[in-house]
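Overview (structure and organization)
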Amino acid sequence: MLYENGLSRISLMLRLLDVLAASADSHVLSSPYFNVIETSAEAQKINKVFEYIFRHFKEEITLQDAADILHMSPPAFCRFFKAKTNRTLIDFVKEIRIGHAAKLLLQGQHNVSEACYLSGYNNISNFNKHFKEVKGFPPREFMKRYELNSQERVL
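A few points on the structure. (Residues numbered from 1 in each chain as written. Predicted model: local features only at pLDDT ≥ 70, side-chain atom pairs only at ≥ 80, totals over all residues. Heavy atoms only, no water.)

A few words now on helix 4 (residues 74–85). Taking 1.5 Å per residue as the helical rise, helix 4 with its 12 residues ought to reach 16 Å, and the 16 Å between its terminal C-alpha atoms agrees with that figure. Within helix 4 the residues assigned to the buried category are Phe-77, Phe-80, Phe-81, Lys-84 and Thr-85. Buried residues of helix 4, viewed axially, fall in a sector of 105°; they line one side. Against helix 2 (40–56), helix 3 (63–69) and helix 5 (89–107) lie the buried residues of helix 4. (Helix = DSSP H or I, 4+ residues; strand = E, 2+ residues; numbered from the N terminus. Expected span 1.5 Å × (residues − 1). Buried < 20%, exposed > 50% of the residue type's maximum accessible area, 1.4 Å probe, protein only. Arc of directions from axis to C-beta. Contact = heavy atoms within 4.5 Å.)

The following block contains the structure:
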């Protein structure tokens, strides 16, 4: 595609998209919090919550803290958040923490227990359980698979 121009380039792009769409081996690339928000007022509300979570995910985040941001009761906040993100606040925070931990592990500068504590977890067993729920396998296996895939790409 890099060396083509005009319609030929567009044709190759469409062929690539067709191959990708037909592929059985797919991975979701969008962020875990991505979802279409109906109105800008709702977008502003949910963005306030996202900003708070991204700033404080390493700390304890309570349902009351999140509800207070939008001046809602906890039950009303739960309904609103679930409707807009298709997940609970707890699941969302878990995904953010595990995503951060995975990033730390892949950078190679931290071991599993360091990534655990740097991501807001207070105990390793809970971290390992959540990591497996989100990523599909425990942190050590995640690192081994990544190393194996990296080596295969180099070869």
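After that view of the structure, there is still more to cover.
Moving on to the pattern of salt bridges. If you walk through the whole model with that rule in mind, you get 6 salt bridges. Across the salt bridge formed by Lys-94 and Asp-91, the nearest N and O atoms sit 3.6 Å from each other. Taken as a pair, Lys-94 and Asp-91 lie in helix 5 at a separation of 3 residues, close to a single helical turn. A salt bridge links Arg-145 to Glu-141, with the shortest nitrogen-to-oxygen separation between them at 2.8 Å. (Salt bridge = Lys/Arg side-chain N within 4 Å of Asp/Glu carboxyl O.)

Bringing the packing of aromatic side chains into the picture now. For the coordinates displayed, the defined rule picks out 9 aromatic pairs. Taking 5.1 Å as the distance between ring centres and 20° as the angle between the ring planes, the aromatic pair formed by Phe-50 and Phe-92 counts as stacked. Within this pair, whereas Phe-50 is found in helix 2, its partner Phe-92 is found in helix 5, the two being separated by 42 residues in sequence. For the pair Phe-50 and Phe-92, one class covers both residues: buried. In this arrangement the basic side chain of Arg-97 is found over the ring face of Tyr-121, its NZ or CZ atom lying 5.8 Å from the centre. (Phe/Tyr/Trp six-rings, centres within 6.5 Å; stacked < 30°, edge-to-face > 60°. Lys NZ or Arg CZ within 6 Å of the ring centre and 35° of its normal.)

This part takes up unusual backbone geometry. Positive phi, normally seen in glycine, also occurs at His-71, with a value near 55°. In this fold, His-71 is placed in the loop between helix 3 and helix 4. The exposure class of His-71 is exposed, given its relative accessible area of 76%.

A few words now on the packing of helix 2 against helix 4. The N-to-C vectors of helix 2 and helix 4 enclose an angle of 100°; their axes lie 11 Å apart at closest approach. Relative to helix 4, the element helix 2 lies roughly perpendicular. Within the contact between the two elements, helix 2 uses Glu-42, Lys-45, Ile-46, Val-49 and Phe-50 and helix 4 uses Phe-77, Phe-80, Phe-81, Lys-84 and Thr-85. When the residues that make up the contact of helix 2 with helix 4 are grouped by side-chain class, the tally is 6 nonpolar, 1 polar and 3 charged. (Axes fitted to C-alpha atoms, helices over the stretch in contact; angles between N-to-C directions. Parallel < 35°, antiparallel > 145°, perpendicular 65-115°, else oblique. Nonpolar A, V, L, I, M, F, W, Y, C, P; charged D, E, K, R; others polar.)

Turning our attention to the nonpolar core. Judged by nonpolar contacts, the single largest core of 18 residues is most densely connected at Val-49, Ile-53, Leu-70, Phe-77, Phe-81, Leu-89 and Phe-92. Secondary-structure elements contributing two or more residues to this core are helix 2, helix 3, helix 4 and helix 5. Excluding anything up to four places from it in sequence, Leu-70 contacts Lys-45, Lys-48, Val-49, Phe-77 and Phe-80. Within the second largest apolar cluster, 13 residues are counted, among which are Leu-104, Leu-105, Ala-115 and Phe-127. (Core = buried A, V, L, I, M, F, W, Y, C linked by side-chain atoms within 4.5 Å.)

Two numbers describe how helix 2 lies on helix 5: the axes approach to 10 Å, and their chain directions differ by 45°. Accordingly, the angle class assigned to the pair helix 2 and helix 5 is oblique. Along this stretch, helix 2 crosses helix 5, giving a crossing that reads as right-handed. Facing helix 2, whose interface residues are Phe-50, Ile-53 and Phe-54, helix 5 presents Leu-89, Phe-92, Val-93 and Ile-96. Along the lines of polarity and charge, the residues of the contact of helix 2 with helix 5 split into 7 nonpolar, no polar and no charged. (Left-handed = near helix turned anticlockwise from the far one by under 90°.)

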